[in-house]
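Here is what each chain is made of, one letter per residue.
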Amino acid sequence: MAAMKIATYNAASVRARLPLLVEWLAENEPDVLAIQETKVEDDKFPTAEFEDLGYHLALHGQKSWNGVATLSRSPITDVRIGFSDELMPNDARVISCEIGGIPIVNTYVPNGNSVGSEKFEYKLRWLDRFRVYLDHNFRADEPLIWLGDINIAPKPEDVYDSKRFYGGVGHHPEEFERLDRIVEFGLVDVFRRLHPDVRQYTFWDFTLPRGVARNLGWRIDHIYATPVLAERCTSCTVDMDARTTTKPSDHTFVIAEFDV
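Residues numbered from 1 in each chain as written. Predicted model: local features only at pLDDT ≥ 70, side-chain atom pairs only at ≥ 80, totals over all residues. Heavy atoms only, no water.

Points about the overall build of the protein chain
So, point 1. Helix and strand counts for the protein chain come out as seven helices and 14 strands.
So, point 2. The C-alpha atoms of the protein chain give 17 Å as radius of gyration, which agrees with the globular expectation for 260 residues (18 Å, within 12%).
So, point 3. Its C-alpha atoms give the protein chain principal-axis dimensions of about 45 × 40 × 40 Å.
So, point 4. Within the protein chain, buried positions represent 53% of all 260 residues.
So, point 5. Partitioning the intrachain contacts of the protein chain with sequence separation of at least 6 by distance along the chain shows that 70% fall at a separation of at least 24.
So, point 6. For the protein chain, the accessible surface area stands at approximately 11,400 Å², while carbon and sulfur atoms represent 48% of it.
So, point 7. Between the centroid of the 29 positive side chains of the protein chain and the centroid of its 41 negative side chains there is a distance of 5 Å. (Helix = DSSP H or I, 4+ residues; strand = E, 2+ residues; numbered from the N terminus. Rg over C-alpha atoms; globule rule 2.2 N^0.38 Å. Buried < 20%, exposed > 50% of the residue type's maximum accessible area, 1.4 Å probe, protein only. Contact = heavy atoms within 4.5 Å. Areas by Shrake-Rupley, 256 points an atom, 1.4 Å probe, with all protein chains shown as cover. Lys, Arg positive; Asp, Glu negative; His and termini not counted. Charge placed at Lys NZ, Arg CZ, Asp CG, Glu CD.)

Shown next, in the form of C-alpha cells:
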C-alpha cells in the first residue's frame, strides 16, 4: 500500500493567500489539496504557480465569491461541477473528481448568516440537496472522500464555548440533523475517529483579540471517508502554524493520510 496525503483549506481568496499556499505546498507536498472560497473566476485563477509545483487542477469559481478548486499530483479525471440541476446552479460550491481511482468531493457549504434568515434556509436546503447528490452519484460500500469547509461544528468539543453558541449559525440543531443525514449515507469523520475527545479547531475569527493564542476557535473544516477508506486513515491533523503566519486565512489546513 502507498500513503496518500489529502488536505483541505479555506483560503478566503486564493490570490490573497497565494504566497502562503505556494510555500505550504512546497513544504508539505500533499497528494491532494481541496481549496474553498477561492473568490476568482476560472480564467483568472493563478494556475501557473500551482502547475510549477507539479499539480493538476480542477476549478469551479466565480467572481469575488465562493469558489472551489482541487489540486492533485496525479491526473484528475471525471470532473463534475455543481449539483447539475437548476435548483442551485450558480453558487460555485461543489466540485467532484476522481484521483487515483478515488472519488473526491470538495465543498464550500453555505455559511447561513443568521438563524431565520433566507441564507440560513438556503443552507438547510443546500445540505438536503447534497445528501441527494451523494445518493445519486456514489456508493457507501466503495471508496469516497468528502472534504472542505462544512461550516458546521457538530459536537460540543468542536466549539470553544458550546453553551454560548448552541442554537446559532454553525452550531444549530437543524444543521446537526442535516449533517447527520449526510453522514448516514455512509461517511466517517476521520478526525473524530482518531481523536474522539480532542478540542482542536480549524477556524478562528479575526475579530476576536488574540483569538488563536486563546484558542477561541471552531472545527468547521472536515474530512470524511466511506468506511473502506476511513479504516485506512492513519492520521488526521490540523496545521496551527499556517494560521499564525503572515497574512493568513481565518481557517487553516486539515491533513489526513490514508494507506491506499
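Don't stop here, the text continues.
Digging into the nonpolar core
So, point 1. Counting residues in hydrophobic clusters, the biggest one holds 27 residues, and the most contacted among them are Ile 6, Ile 104, Ile 145, Val 190, Ile 223 and Phe 258.
So, point 2. Judged by nonpolar contacts, the second largest core, of 21 residues, contains Phe 83, Met 88, Trp 146 and Leu 187. (Core = buried A, V, L, I, M, F, W, Y, C linked by side-chain atoms within 4.5 Å.)

Description of the sheet that holds strand S6 (residues 94–99)
So, point 1. Taken in spatial order, the six strands line up as S5-S6-S7-S8-S12-S9 in an open sheet, and their pairing is mixed. Edge strands, defined here as strands with exactly one partner in the open sheet, are strand S5 (76–81) and strand S9 (188–189).
So, point 2. In terms of strand pairing, S6 meets strand S7 (residues 102–108) through six bridges, oriented antiparallel. Counterpart to Glu 98 in the pairing with S7 is Pro 103.
So, point 3. On the sheet, helix H3 (residues 118–137) packs against S5, S6, S7 and strand S8 (145–149) and is oriented at approximately 170 degrees with respect to S7. (Pairing = 2+ DSSP bridges. Axes fitted to C-alpha atoms, helices over the stretch in contact; angles between N-to-C directions.)

Regarding the confidence of the model for the protein chain
For any part of a model where pLDDT is low, the fine detail of the predicted coordinates should not be relied upon.
So, point 1. Here the protein chain shows a mean pLDDT of 96. Residues at 70 or above account for 99%.
So, point 2. When the elements of the protein chain are averaged for pLDDT, H3 gives the smallest value, 96, and strand S12 (residues 221–225) the largest, 99. (pLDDT = per-residue confidence, 0-100.)

Comments concerning the packing of H3 against helix H5 (residues 173–183)
So, point 1. Relative to each other, H3 and H5 sit at 10 degrees, their axes nearing to 9 Å. One finds that H3 runs roughly parallel with respect to H5. Judged by residue contacts, Phe 120, Lys 123, Leu 124, Leu 127, Asp 128, Phe 130, Arg 131 and Leu 134 of H3 engage Glu 174, Glu 175, Arg 178, Arg 181 and Ile 182 from H5.
So, point 2. Tallied by class, residues from the contact of H3 with H5 come to six nonpolar, no polar and seven charged. (Parallel < 35°, antiparallel > 145°, perpendicular 65-115°, else oblique. Nonpolar A, V, L, I, M, F, W, Y, C, P; charged D, E, K, R; others polar.)

Focus: the pattern of salt bridges
So, point 1. In this structure the tally under the stated criterion is 16 salt bridges.
So, point 2. Note that Arg 181 is salt-bridged to Asp 128, the shortest N-O span being 3.2 Å. Residue Arg 181 is found in helix H5, and its partner Asp 128 is found in helix H3; the two are separated by 53 residues along the sequence.
So, point 3. Members of the salt-bridge network, linked through shared partners, are Asp 128, Glu 174, Arg 178 and Arg 181. (Salt bridge = Lys/Arg side-chain N within 4 Å of Asp/Glu carboxyl O.)

Focus: the pairing of S8
Successive residues of a regular strand alternate their side chains across the two faces of the sheet.
So, point 1. Burial runs high along S8: five of the five residues are buried.
So, point 2. When S7 meets S8, the two strands line up parallel, connected through five bridges. In the sheet register, Asn 106 faces S8, and the bridge partner there is Leu 147.
So, point 3. Once you follow S7 into H3 and on to S8, the crossover reads as right-handed.
So, point 4. Here five bridges tie S8 to S12, and the two strands are oriented antiparallel to one another. By the bridge assignment, Leu 147 is partnered in S12 with Ile 223. (Right-handed = clockwise from strand over helix to strand, strands pointing away.)

Details of the packing of aromatic side chains
So, point 1. What the rule picks out here adds up to 14 aromatic pairs.
So, point 2. Note on Phe 83 and Phe 130: the rings are 6.5 Å apart at their centroids and 55 degrees apart in plane angle, and the pair reads as tilted. With Phe 83 in the loop between S5 and S6 and Phe 130 in helix H3, the pair connects residues that are 47 residues apart, well separated along the chain.
So, point 3. Phe 83 sits in the buried class, given a relative accessible area of 5%.
So, point 4. Members of the aromatic cluster, each reached through a chain of ring pairs, are Phe 83, Trp 126, Phe 130, Tyr 133, Phe 138, Trp 146 and Tyr 224. (Phe/Tyr/Trp six-rings, centres within 6.5 Å; stacked < 30°, edge-to-face > 60°.)

What to know about the side chain of Ser 117
So, point 1. With respect to the element layout, Ser 117 can be found in the loop between S7 and H3.
So, point 2. Residue classification places Ser 117 among the buried residues on the basis of a relative accessible area of 16%.
So, point 3. For Ser 117, the side chain forms a polar contact with the main-chain oxygen of Gly 112, separated by 3.3 Å. (Polar contact = N/O pair within 3.5 Å; in protein donor to acceptor, adjacent residues only side chain to side chain.)

Things to note about the sheet that holds strand S14 (residues 254–259)
So, point 1. Taken together, the six strands give an open sheet; going across it, the order is S3-S4-S2-S1-S14-S13, and neighbouring strands pair in mixed fashion. Each edge of the open sheet is held by one strand with a lone partner, namely strand S3 (56–60) and strand S13 (233–238). Averaged over all adjacent pairs, the angle separating strand axes in this sheet is 15 degrees, with direction ignored.
So, point 2. Set on the sheet, helix H1 (residues 18–28) makes contact with strand S1 (3–10), strand S2 (32–36), strand S4 (68–72) and S14; between it and S1 the angle comes to about 165 degrees.

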